[in-house]
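Listed below are the residues making up each chain.
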Amino acid sequence: LIAAAVPYIKATCDFSATELSAVVAAVLLGTIFGKLVGAQCAERLGRLLALRLTAVVLAVSVPIICLSNGAFLPMFVGRILQGVGCGMVGLVTPLYMVETSPAESRGKGAGMIQLFVCIGLVAVALIGLAITSFFGAADSATVSIADKTMAWKTIFWISAVPTVFLFGGTFFVSESPRWLFARGRRDAAKGSLLRNNNPEEAEATLAELGRIAAEQCRADGASASDRETVFQRKYMIPVLLAGTIAVCTQFCGINMILNFSVVLAQKAGLAHTLANWSDTILKGVNLGMTLVAMALVDRKGRRLLLALGSGGMTVGLALVGAVFALLERDVLTASSTTGWLATAGLVFFIAAFAIGPGICIWLAEAELLPLRIRANAMMAIGFVQMGSSWLLAQLFLP
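Description of the structure in this document. (Residues numbered from 1 in each chain as written. Predicted model: local features only at pLDDT ≥ 70, side-chain atom pairs only at ≥ 80, totals over all residues. Heavy atoms only, no water.)

Turning to helix H12 (residues 233–251), a few remarks are in order. Given a rise of 1.5 Å per residue, 19 residues ought to cover 27 Å, and the 27 Å separating the end C-alpha atoms of H12 matches this to within 8%. Looking one or two residues past H12, glycine 253 carries a phi angle of roughly 95 degrees, positive in sign. (Helix = DSSP H or I, 4+ residues; strand = E, 2+ residues; numbered from the N terminus. Expected span 1.5 Å × (residues − 1).)

Following this line, the structure appears as structure tokens:
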């Protein structure tokens, strides 16, 4: 929701460009710690309890932000907590999905994660439009400071609603059978498998888990396996591959475009609610192309979609960069035309992202990593990944 809130925060809070960037980037900074916390909770307490804790953290963050009254420190702390919750759910959800989905439909499972992220983004854009229509545009001189303040507070209060569904939803699904099996709870693992599989499939999966565990013990010795870490030589290649894909996905600037989409549209020449419409179109295309990616990922493979997506992202960013370069050199004058031209580049970028890295990144982080080190490896990768994203967000506005 921060994309819709940023113009109102900028108009009502006495923040410098660095402080405003810090408020936006705080979620990404918190996500780094959320990955650490999420990995430990997921390993020690189970995947479902980790998700419940996530919901609690996210719920607590909202009143801290809304009651800050525009003071930088409490708003920053609240945003950090939101990031911790995002980091936890961003690690535990794909982990849970990979461990509960059959191999032949795992790509669609990852697509469902990205699909619902995109649905949330579209909902956010529509909320931004509704807030702008009700309270007035953030850049309008006729709208009072009180109304602009109430606008961004309302945006954040709305973000508390999904935490209730997140918390309650965990009581309607089973714990990860692989996590249960790894803890020696074979009967509970079988019960979990039976909720989504017929008895024959459940037994086959249990047998496979037992075979994998036995082979691991024979290869490494039971005592040695307890001391395995992500830094062992046999794990370095999959960890480096997954980590490289994750970090490159962040350095393409996806979070900057999603977080600052309204600001970008305004800078390019779109005024008032047109900037919010640009944001809505961007996120609508993201949703539509995610549906296309879900239909292709298990049939065409991960590598092809990553290649197509990366190429398309390059073209889209080049167009946006060209528009802003020409504006800065006074070759073009900011207007609705330049605003929609920049939007077209952003739309091309987001479409390519959705069909490639947007869906494949969830799979790359989980499928490439062996089960024995998966949670801790995803934590380490997430730490570097979100650290790079935080750095970009912190530097973006200044």
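Gaps left between atoms show up when a probe the size of a water molecule is rolled over them. Applying the stated criterion to the full structure yields two cavities of 30 Å³ or more. Contributing to the lining of the largest cavity are Ala4, Pro7, Tyr8, Thr132, Ala137, Ala138, Asp139, Gln266, His272 and Asn276. Residue composition of the lining of the largest cavity, by class: five nonpolar, four polar and one charged. Size it by volume and the second largest cavity reaches roughly 50 Å³. (1 Å grid on protein atoms, 1.4 Å probe; cavity = no way out; pocket = protein on both sides within 12 Å on 5 of 7 lines; lining within 4 Å. Points joined across faces, edges and corners; volume = space filled by probe spheres on them. Nonpolar A, V, L, I, M, F, W, Y, C, P; charged D, E, K, R; others polar.)

Now for unusual backbone geometry. A positive phi is found at asparagine 69, a non-glycine position, where the angle reads about 55 degrees. Summarising the element assignment, asparagine 69 is placed in the loop between helix H3 (47–66) and helix H4 (72–100). One non-glycine residue, aspartate 330, lies in positive phi territory at about 60 degrees. Residue placement: aspartate 330 occurs in the loop between helix H16 (302–328) and helix H17 (336–355). Residue aspartate 330 is classed as exposed on the basis of its relative accessible area of 65%. (Buried < 20%, exposed > 50% of the residue type's maximum accessible area, 1.4 Å probe, protein only.)

This brings us to the packing of aromatic side chains. Overall, the coordinates contain seven aromatic pairs when judged by the stated rule. Plain terms: the ring middles of phenylalanine 260 and phenylalanine 396 are 4.8 Å apart, the flat faces sit at 15 degrees to each other, and that makes the pair stacked. Pair noted here: phenylalanine 260 is in the loop between helix H13 (254–259) and helix H14 (261–268) and phenylalanine 396 is in helix H19 (residues 374–396), with a separation of 136 residues, a long-range link. Accessibility expressed as a relative area gives 0% for phenylalanine 260, which makes it buried. Accessibility expressed as a relative area gives 36% for phenylalanine 396, which makes it partly exposed. With a centroid separation of 6.4 Å and 20 degrees between ring planes, the pair formed by phenylalanine 349 and phenylalanine 353 is classed as stacked. With a gap of four residues between them, phenylalanine 349 and phenylalanine 353 both fall in helix H17, about one helical turn apart. Summarising the burial analysis for this pair, phenylalanine 349 and phenylalanine 353 share the class buried. One aromatic cluster in this structure is built from Phe15, Phe72 and Phe76. The ring of phenylalanine 171 is capped by arginine 52, whose NZ or CZ atom sits 4.0 Å from the centre of that ring. (Phe/Tyr/Trp six-rings, centres within 6.5 Å; stacked < 30°, edge-to-face > 60°. Lys NZ or Arg CZ within 6 Å of the ring centre and 35° of its normal.)

This next bit is on the nonpolar core. Counting 37 residues, the largest nonpolar core has Ile9, Met75, Trp152 and Phe156 as the members making the most contacts within it. Mapped by element, the contributors of at least two residues to this core are helix H1 (2–12), helix H2 (17–44), H3, H4, helix H5 (106–135), helix H6 (145–158) and H19. Setting aside chain neighbours within four positions, we find isoleucine 9 in contact with Ile2, Phe15, Leu20, Met75, Trp152 and Phe156. Residues Cys252, Val320, Leu327 and Val347 belong to the second largest nonpolar core, which totals 20 residues. (Core = buried A, V, L, I, M, F, W, Y, C linked by side-chain atoms within 4.5 Å. Contact = heavy atoms within 4.5 Å.)

Right, let's get into the side chain of lysine 148. Looking at the secondary structure, you find lysine 148 in helix H6. Buried within the structure, lysine 148 lacks any salt-bridge partner; its nearest side chain of opposite charge belongs to aspartate 139, at an N-O separation of 7.2 Å. Of note is the side chain of lysine 148, whose polar atom sits 3.0 Å from the backbone oxygen of alanine 138. Contacts of lysine 148, omitting those with residues within four sequence positions, involve Tyr8, Ala11, Thr12, Ala137, Ala138, Ser140 and Val143. (Lys, Arg positive; Asp, Glu negative; His and termini not counted. Salt bridge = Lys/Arg side-chain N within 4 Å of Asp/Glu carboxyl O. Polar contact = N/O pair within 3.5 Å; in protein donor to acceptor, adjacent residues only side chain to side chain.)

Counted according to the given criterion, the structure contains two salt bridges. In this structure, arginine 47 and glutamate 43 form a salt bridge, with 3.1 Å as the shortest nitrogen-oxygen distance. Residue class for arginine 47 comes out buried when judged on its relative accessible area of 3%. By relative accessible area, glutamate 43 is classed as partly exposed at 24%. Across the salt bridge formed by aspartate 279 and lysine 283, the nearest N and O atoms sit 2.8 Å from each other. Placement of both aspartate 279 and lysine 283 in helix H15 (residues 273–300) is noted, with a separation of four residues, approximately one turn of the helix. Pair check on accessibility: aspartate 279 and lysine 283 agree, each one buried.

All chains considered together, the criterion is met by zero disulfides. With no disulfide partner, cysteine 66 has as its closest neighbouring cysteine sulfur the one in cysteine 13, 12 Å distant. Not engaged in a disulfide, the cysteine cysteine 252 finds its nearest cysteine sulfur in cysteine 248; these two sulfurs lie 9.1 Å apart. (Disulfide = S-S within 2.5 Å.)

Residues lying three or four places apart along an α-helix face the same way, a consequence of the helix completing one turn every 3.6 residues. A rise of 1.5 Å per residue sets the reference length of H2, with its 28 residues, at 40 Å; its end C-alpha atoms lie 41 Å apart and thus fit the reference within 8%. A bend of about 40 degrees at alanine 25 is the largest found in H2. Looking one or two residues beyond H2, the residue adopting positive phi is glycine 46, at roughly 105 degrees. (Bend = angle between axes of the 7 residues up to and from the residue.)

Along the chain, arginine 52 turns up in helix H3. Buried within the structure, arginine 52 lacks any salt-bridge partner; glutamate 175 is the closest side chain of opposite charge, at an N-O distance of 7.3 Å. If sequence neighbours within four positions are ignored, arginine 52 has contacts with Phe167, Thr170 and Phe171.

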